[in-house]
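Secondary and tertiary structure notes
Residue strings, one per chain:
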Amino acid sequence: MTPQSLELTGIGKGFGQTEVLRGIDLTVRPGEFLSLVGMSGCGKSTLLRIIAGLETPDRGTVSIGGADVTGADPSDRNLAMVFQSYALYPHMSVRENIATPLRMRRLSGWARLPLVGRMIAGRAALDDIDAAVEAAAGVLEIGALLERRPAELSGGQRQRVALARALVRDPAAFLMDEPLSNLDAKLRAHMRAELSALHRRLGATFVYVTHDQIEAMTMSDRIALMIEGRIEQLGTPDDLYRAPATLRVARFIGQPSINLLPVEIGPAGRLSLFGLEIGLAAALSGGAETTGPATLGLRPEDLHLRADGLPAKVLRVETHGADRYVSCVLPRAPELALTLRQSATDPLGADADGVLRLGFVAGRAHLFGADGQRRTLHVLERVAA
Ligand SMILES: Nc1ncnc2c1ncn2[C@@H]1O[C@H](COP(=O)(O)OP(=O)(O)OP(=O)(O)O)[C@@H](O)[C@H]1O
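None of the values given here were measured: they were computed from a predicted structure.

What counts as what
- Residues numbered from 1 in each chain as written.
- Predicted model: local features only at pLDDT ≥ 70, side-chain atom pairs only at ≥ 80, totals over all residues.
- Axes fitted to C-alpha atoms, helices over the stretch in contact; angles between N-to-C directions.
- Helix = DSSP H or I, 4+ residues; strand = E, 2+ residues; numbered from the N terminus.
- Parallel < 35°, antiparallel > 145°, perpendicular 65-115°, else oblique.
- Left-handed = near helix turned anticlockwise from the far one by under 90°.
- Contact = placed C-beta atoms within 7 Å.
- Nonpolar A, V, L, I, M, F, W, Y, C, P; charged D, E, K, R; others polar.
- Domains from an automatic or database assignment.
- Pairing = 2+ DSSP bridges.
- Near = placed C-beta within 6 Å.
- Expected span 1.5 Å × (residues − 1).
- Buried ≥ 20, exposed ≤ 12 C-beta atoms within 10 Å, placed from the backbone.

Running from amino to carboxyl end, helix H5 (residues 155-167) crosses helix H6 (residues 185-202) at an angle of 25°, the nearest separation of the two axes being 11 Å. Classified by the angle between their axes, H5 and H6 sit roughly parallel to one another. The hand of the H5/H6 crossing is right-handed. Residues Gly155, Gly156, Gln159 and Leu163 of H5 form the contact with H6, whose participating residues are Leu187, His190, Met191 and Leu198. Grouping the amino acids of the contact of H5 with H6 by side-chain chemistry returns four nonpolar, four polar and no charged.

Right, here's the structure in full:
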């Protein structure tokens, strides 16, 4: 099946008094891997369920490949849904599990049942189903497991069976709701790579719900970051990381989190931190407020040691393989914790009192106005990197 686009227009949904989705406009391009990311409760699963037809929106429309399906039954949308819980039938073999969606669609009545079906369904229909099952199992590399029951499989193998069962239907798009969250960390990393490879091989449209930004950042073509029932930013993983549109996006994306410092935008947009100018200026055009308090965002990898930098006292050092994360506080503002990312092989750079001096890569700083919106920054002076 050629990959289809999905279009959501003005989607609103409430449960009782709670407004869970507050006007979602989103187009998923044909063949795109798009992730819906956000904290627990932001509405991403509800949105996915609305696309699937498992939930009805209060407002707005859902289209697949340009056709309005807002009122259509889930079974008429030809979308495959993969859940966190796999939802495999425990009493059936892997082969029968994968074949089930095709039996439901292609066979009628009693012939849908695995054993009875063998006796009464037409040979050609069964051969077709067998061939489709073998093909899907081949893609997911589970051909050797077809006669096993789900209980005899590892978590990763079960997830692969669930994916094969989705694949066998040749759907217009795949909808996945936290499909990897039951797996241990190592297997999750492995399955991330497999899902990306599967997406590339199929060229199908994927909509993937997760609260795990690493999953979203590593697999997606684009990410829709949802906050409180709205899309806060839609863009490539790089867009969200390198040019967060709002302070809320900057806070959500990145691990360890972005460092945030209170700055003041002064005359001509010049920024000062603790009363000292720092060689950056806010662009003055277009912003609501031109001067006043703002927030400077610095990613941990954009902080570095600098002889005449800001003194910071080391609180904790964590080594993560090749990286080292150094948590510090500024004596000027002890409530502000900063994280610096270094190569684990570099010297820490702290003096005998555990104090180091921090500079930052000016060209990679982010500025957010008092309204939380991104502001354009100019580098005024050359700051040594
Ligand atoms: N059927 C329902 N009835 C009442 N409230 C619901 C229902 N489904 C979801 N909600 C509420 O809507 C909000 C959004 O739920 P949703 O499952 O979409 O969030 P989510 O972003 O997917 O969160 P999570 O990552 O925890 O699954 C939550 O506050 C949830 O309690």
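There's plenty left to go through after this.
Attention shifts here to the domain arrangement of the protein chain. According to the domain assignment, the protein chain consists of domain 1 (6-242) and domain 2 (257-379). Taking only C-alpha atoms into account, the centre of domain 1 sits 41 Å from that of domain 2.

To continue, consider the sheet that holds strand E9 (residues 222-227). Strands sit in the order E6-E7-E8-E3-E9-E10 across an open sheet of six strands; the sheet is mixed. With one partner strand each, in any of the chains shown, strand E6 (79-83) and strand E10 (230-235) form the two edges of the open sheet. The mean angle between the axes of side-by-side strands here comes to 15°, regardless of whether they run parallel or antiparallel. Pairing geometry for E6 and strand E7 (residues 173-177), over five bridges, is parallel. Counterpart to alanine 80 in the pairing with E7 is phenylalanine 174.

On to the site of the ligand, then. Residues in contact with the ligand, as listed here, are Phe15, Val20, Gly38, Ser40, Gly41, Cys42, Gly43, Lys44, Ser45, Thr46 and His211. Among the elements that take part in the shell around the ligand, helix H1 (residues 44-52) stands out by supplying three residues, more than any other. Across the shell around the ligand, the residue classes break down as three nonpolar, seven polar and one charged.

Okay, the sheet that holds strand E1 (residues 6-15) next. Strand order in the open sheet formed by four strands is E2-E1-E4-E5, with antiparallel pairing between adjacent strands. Only two strands of the sheet have a single partner each, and these edge strands are strand E2 (18-28) and strand E5 (67-68). Of the strand pairs in this sheet, strand E4 (residues 59-64) and E5 are connected by two bridges, and their pairing is antiparallel. Considered in E5, the bridge of serine 63 is made with aspartate 68. Seen against the sheet, H1 touches E1, E2 and E4 and runs at an angle of roughly 120° to E1.

This part takes up H5. In a regular helix each residue adds 1.5 Å, so 13 residues correspond to 18 Å; H5 covers 18 Å between its end C-alpha atoms and thus fits that length. Judged by how many residues are buried, H5 sits mostly within the fold: ten of 13 residues are covered. Burial in H5 covers these residues: Arg158, Gln159, Arg160, Val161, Ala162, Leu163, Ala164, Arg165, Ala166 and Leu167.

Further remarks concern H1. Burial runs high along H1: seven of the nine residues are buried. Among the residues of H1, those classed as buried are Lys44, Ser45, Thr46, Leu47, Leu48, Ile50 and Ile51. Looking one or two residues past H1, glycine 53 carries a phi angle of roughly 90°, positive in sign.

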